[in-house]
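# Geometric and topological summary
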Amino acid sequence: MSDVEEAVDQEFAADRSKENVVLRVEDLQKTFGGLVATDHATFDVERGTITGLIGPNGAGKSTIFNLISGFYQPDGGRVEVNGVDVTGMEPYEVADHGLIRTFQTPRKLEGMTVREAMLVGPRNQPGESFVNLLTSPGSVGEAEKRNLADAQRILEEFEIDHLATQPATDISGGQMKLVELARAMLAEPEILLLDEPVAGVNPTLRNKLADQIQRLNDEGTTCLLIEHDMDFVMKLADPVVVLDQGSVLMEGPPQRVQTDSRVIEAYLGGDA
Ligand code: ADP
Ligand code: MG
């Protein structure tokens, strides 16, 4: 065995020695009926990183996001955000601790325009201040004005500002993904969980999305990124955590993960 292979072997599990951890996932477990979707999953996300979360279809990536963000209750284990135990909290409470996530399949935003959909951030309920802004602009504060300006800027950067007043249910799947990302960005999270942000998005917008995620990270937002598009995730993420059958298979820099025989085997064994 070469030195490199030995070093990789010692890295079989996730790196738990990080000092500045913004998200800690500890021994998480989730079963659906007889199916083990999350199997003692343990990893940490270091502040300031874009950490990739990859693995074959059905590996349990989306389930982990649902467990972390409070949409599913774990059967065991623990989730910490900024050192606070958020296990079992409601999604809005987890969001209040600075963790915001996007959905692989964006939720339907019935009865809202694209702009309204963006402004009803994950920390706000429909009908709260952002929507007041659109109906009674005289009554809003500086923060809301800034949010409206930010929403406009993001719409322009994604070149979907012409869609601002269209019903949010009328836009394409790819455009929907952009709106989903934009609304998560507006919440100014400390850590942003992105579930396949470029699935179904055309190559031009894909590059724009990559730029936006990179910019957000440069400005200090930590990201945990699930993405099926290997080029996309390998370009943006370091380190990359590999999930297989609900457990962490390994963690490492993108180049090392891509060439690791166990990872290749996991992908070949799956239906990816
Ligand atoms: P990935 O995102 O890595 O493709 P998922 O987390 O979506 O994987 O799914 C992992 C496994 O858990 C799959 O076998 C899936 O069918 C199952 N699963 C996920 N969510 C549910 C659910 N709500 N009810 C039942 N089974 C589920
Ligand atoms: Mg998924």
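See the structure printed just above.
The following paragraphs examine the structure supplied in this document.

### Observations concerning the coordination of the magnesium ion (ligand 2)
- Surrounding the magnesium ion (ligand 2) are the protein donor atoms Ser62 (OG) and Gln104 (OE1), at 2.2 to 2.3 Å. A residue pair is termed long-range when its members are at least 10 positions apart, and Ser62 in helix α2 (residues 61-68) and Gln104 in the loop between β6 (99-101) and α4 (114-119) qualify at 42 residues.
- Judged by its relative accessible area of 23%, Ser62 is partly exposed.
- Judged by its relative accessible area of 34%, Gln104 is partly exposed.

### Looking at empty space enclosed by the protein
- Scanning the entire structure with this criterion turns up two cavities of 30 Å³ or more.
- What the largest cavity holds in volume is close to 40 Å³.
- Counting residues per element, the lining of the largest cavity draws most heavily on helix α7 (residues 173-186), at three residues.
- A class-by-class count of the residues in the lining of the largest cavity yields three nonpolar, one polar and three charged.

### Quick look at the sheet that holds strand β9 (residues 240-244)
- Ordered in space as β6-β7-β8-β3-β9-β10, the six strands form an open sheet in which the pairing is mixed. The sheet is open, and its two edges are formed by β6 and β10 (247-252), each paired on a single side. Here the strands of the sheet are splayed against their neighbours by 20° on average, with no regard to which way each runs.
- Pairing geometry for strand β3 (residues 50-54) and β9, over three bridges, is parallel. Each residue of the ladder has a partner; that of Gly52, found in β9, is Val240.

Rules of the game
Residues numbered from 1 in each chain as written. Chains lettered and ligands numbered in written order. Predicted model: local features only at pLDDT ≥ 70, side-chain atom pairs only at ≥ 80, totals over all residues. Heavy atoms only, no water. Donors = N, O, S within 2.8 Å, 3.2 Å for Na, K, Ca; no water. Helix = DSSP H or I, 4+ residues; strand = E, 2+ residues; numbered from the N terminus. Buried < 20%, exposed > 50% of the residue type's maximum accessible area, 1.4 Å probe, protein only. 1 Å grid on protein atoms, 1.4 Å probe; cavity = no way out; pocket = protein on both sides within 12 Å on 5 of 7 lines; lining within 4 Å. Points joined across faces, edges and corners; volume = space filled by probe spheres on them. Nonpolar A, V, L, I, M, F, W, Y, C, P; charged D, E, K, R; others polar. Pairing = 2+ DSSP bridges. Axes fitted to C-alpha atoms, helices over the stretch in contact; angles between N-to-C directions.

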